[in-house]
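Secondary and tertiary structure notes
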Amino acid sequence: MADTNEAYLALITSEYSTKPLFNAYVVAFLNMISPAVDMYTSFNTIFNIDNAVGDQLDQIGELLNISRQLPVVDENIPSVLTDEYYRTVIKAKIMAAQWDGTREGLEEILSTLLPNANFDIIDSQDMNYQVALLDNSLDATSQALLFQGYILPKPAGIGCAYNIYEQELFGWDSNTAFIKGWDQAEWGTT
C-alpha cells in the first residue's frame, strides 16, 4: 500500500508537490481507497486488454470513450472494428495518454503497437517529423488507422507524415534493419 501511495505521490506536479496540506490530503485519500483498490495492479488484472474479446473490449472502450465505430469515412476501415483492430486502437489511446512527448517514448509506442515493423523517425527540425515504416505485414486497415491518426500520437502544433515501405531503403555505407546496400534495397526518399 505504501509503495502504491508513493507511486501516486510521485505523479504530483512540481506546483503542488511542495504543498504540505495538499500532499496530506492526497495521502489521506489514498489510504482510504488503497485497501479496496490497488489501481496499478488491478487494472491489468480486471481490464486485461490482450485477453478481452467482444463485450469485454466494448466495456474497456466505453471507459476510455472509444467506440468500435470510428467517426471516419475510409474504405479500408470497416464500419465496425474487429476485436483485433479495436484492441489496437484502445492500446494506442492508452499509450498516447501516457506518452511523455519524447522520441524515445514514440519509439516505444511504435515497437509495442507495430512489433513487426522496422522504423525510423526523421526530425525535420522545423516542427515536423516523419515516421518511415518498413513492414510487409501491415494490412490496408492498419495503414488506414495509422494515416487517420488512430494508432500513433501526434503532438499538438507538430506536423507528422507517415511513409510505409515494403522493402529496405538504399543507403551508402549503411547496413541496418531499415537501410541496406546494393541488391538488397529500393531507391526511395524518407
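Above this text is the structure in question.
Report on the accompanying structure.

What about the packing of helix α6 (residues 83-98) against helix α7 (residues 103-113)?
Packed helices, taken two at a time, are described by the angle between their axes plus the distance between the axes. The interhelical angle for the contact between α6 and α7, taken along N-to-C directions, is 165 degrees, at an axis separation of 11 Å. Accordingly, the angle class assigned to the pair α6 and α7 is roughly antiparallel. The two elements α6 and α7 cross, and the hand of that crossing is right-handed. Contacts between α6 and α7 involve T88, K91, A92 and M95 from the former and I109, T112 and L113 from the latter.

Remarks on the nonpolar core
Of all hydrophobic cores here, the largest spans 34 residues; its most connected members are I90, L110 and L133. At seven residues, α6 tops the list of elements feeding residues into this core.

So, unusual backbone geometry
With a phi close to 60 degrees, N65 is a non-glycine residue in the positive phi region. One non-glycine residue with positive phi stands out, namely Q125, at about 60 degrees. Looking at where Q125 falls in the secondary structure, it is placed in the loop between β1 (118-123) and β2 (128-134). What makes Q125 exposed here is its relative accessible area of 67%.

Quick notes on the side chain of N23
Following the sequence through the fold, N23 ends up in helix α3 (residues 20-33). Within the local environment of N23, its side chain forms a polar contact with the backbone oxygen of Y16, the two atoms lying 3.3 Å apart. Those residues in contact with N23, other than ones at most four positions away along the chain, are L9, I12, Y16, S17 and T18.

Re α7
When we look at burial in α7, the residues that qualify are G105, L106, I109, L110 and L113. The arc that holds every buried residue of α7, seen down its axis, measures 140 degrees, which confines them to one face. Structural note: α7 exposes E104 and E108 on the side pointing more than 90 degrees away from its buried face. Along its buried surface, α7 packs onto α6, β1 and β2.

Re the sheet that holds strand β3 (residues 159-165)
Ordered in space as β1-β2-β3, the three strands form an open sheet in which the pairing is mixed. At either end of the open sheet lies a strand with only one pairing partner, and these are β1 and β3. The sheet shows a mean angle of 15 degrees between the axes of neighbouring strands, taken without regard to direction. Pairing geometry for β1 and β2, over six bridges, is antiparallel. Paired with D120 across the strands is A132, a residue of β2. Contacts from α7 reach β1 and β2 within the one sheet, and its direction differs from that of β1 by about 155 degrees.

Cut-offs used in this document
Residues numbered from 1 in each chain as written. Predicted model: local features only at pLDDT ≥ 70, side-chain atom pairs only at ≥ 80, totals over all residues. Heavy atoms only, no water. Axes fitted to C-alpha atoms, helices over the stretch in contact; angles between N-to-C directions. Helix = DSSP H or I, 4+ residues; strand = E, 2+ residues; numbered from the N terminus. Parallel < 35°, antiparallel > 145°, perpendicular 65-115°, else oblique. Left-handed = near helix turned anticlockwise from the far one by under 90°. Contact = heavy atoms within 4.5 Å. Core = buried A, V, L, I, M, F, W, Y, C linked by side-chain atoms within 4.5 Å. Buried < 20%, exposed > 50% of the residue type's maximum accessible area, 1.4 Å probe, protein only. Polar contact = N/O pair within 3.5 Å; in protein donor to acceptor, adjacent residues only side chain to side chain. Arc of directions from axis to C-beta. Pairing = 2+ DSSP bridges.

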